[in-house]
Amino acid sequence: MDSATSDRAALSATADNGLKIVVVGGFGVGKTTMVRSVSEIRPLNTEETMTRAGEAVDHLDGIQAKSSTTVAFDFGRITLDERSVLYLFGAPGQERFWFLWDRLFSGTLGAVVLVDTRRLADSWYAIDRLEHHGTPFIVACNDFGGPLHSEQQIREALDLSDDVPLVECDARDRSSSKYVLITLVEHLAALSAARLRAPEAALAAAGPTPEPAP
């Protein structure tokens, strides 16, 4: 899966608000492709050619055509306005590189869990680590032309709660990848609004403050 990136001007000197989002998921689900498709700059990739030495540790069931893999992380950038910039990190999917995830999650606003519906079990670790860190996330099903599953089937397979957004996407397509990121940002905004309303709701439920005794 490959795509072209756009060329834009250098980052404005007024940009002082950096927002970090991480794309995680199993091996070969399209994380590098998503970062590449949506980044406004030529993304930083740490892809290396796969060799026979990795056959014993990198399981290629269902992705036999894969010839390269991320060995550190991918990095892209999206300018939101004159002051706000979105920094996008793609995490490596192989189990032997999972030790990098905890550091990538540090300071993260939210995450996209990218899944291949042919290999749903490969997404378990990503969801588990995000929940462990308390990092908000959405799930995006990348289109590999596999068997169709209903939303309910996917939610049950991944044990997703109803408040976690689940969307479909084509990581090769810029507009589709943008839709995924917009969905995540809207989810984060809704969570933030709910947290702000919580103290007011608690006060309302407690009722009026009793008058002090004379």
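As the structure is a computational prediction, the values presented were derived from the model and not from experiment.

Conventions we followed
Residues numbered from 1 in each chain as written. Predicted model: local features only at pLDDT ≥ 70, side-chain atom pairs only at ≥ 80, totals over all residues. Heavy atoms only, no water. Disulfide = S-S within 2.5 Å. Buried < 20%, exposed > 50% of the residue type's maximum accessible area, 1.4 Å probe, protein only. Helix = DSSP H or I, 4+ residues; strand = E, 2+ residues; numbered from the N terminus. Contact = heavy atoms within 4.5 Å.

Participant: Break down the state of the cysteines for me, citing the residues and quoting the values.
Facilitator: Under the criterion given, the structure shown has zero disulfides. We note that Cys-141 lacks a disulfide partner, and the nearest cysteine sulfur, in Cys-169, lies 7.7 Å from it. Judged by its relative accessible area of 7%, Cys-141 is buried. Residue Cys-169 is classed as buried on the basis of its relative accessible area, which comes to 6%.

Participant: Describe the environment of Val-139, naming the residues involved and giving the relevant values.
Facilitator: Here Val-139 is to be found in strand β7 (residues 137–142). According to the relative accessible area criterion, Val-139 is buried, its value standing at 0%. In sequence terms Val-139 and Leu-184 are 45 residues apart; their C-alpha atoms lie 9.0 Å from each other. If near-sequence neighbours (up to four positions away) are discounted, Val-139 is found in contact with Val-113, Val-115, Leu-158, Leu-160, Val-164, Pro-165, Leu-166 and Val-167.

Participant: Can you tell me about helix α1 (residues 31–38), naming the residues and giving the values?
Facilitator: Judged by how many residues are buried, α1 sits mostly within the fold: eight of eight residues are covered. Lys-31, Thr-32, Thr-33, Met-34, Val-35, Arg-36, Ser-37 and Val-38 are the residues of α1 that are buried.

Participant: Talk me through unusual backbone geometry; I want residue IDs and the actual numbers.
Facilitator: In this structure, Asp-159 takes a positive phi of about 55° despite not being glycine. Mapped onto the elements, Asp-159 comes out in the loop between α4 (151–158) and β8 (166–169). With a relative accessible area of 55%, Asp-159 lands in the exposed category.

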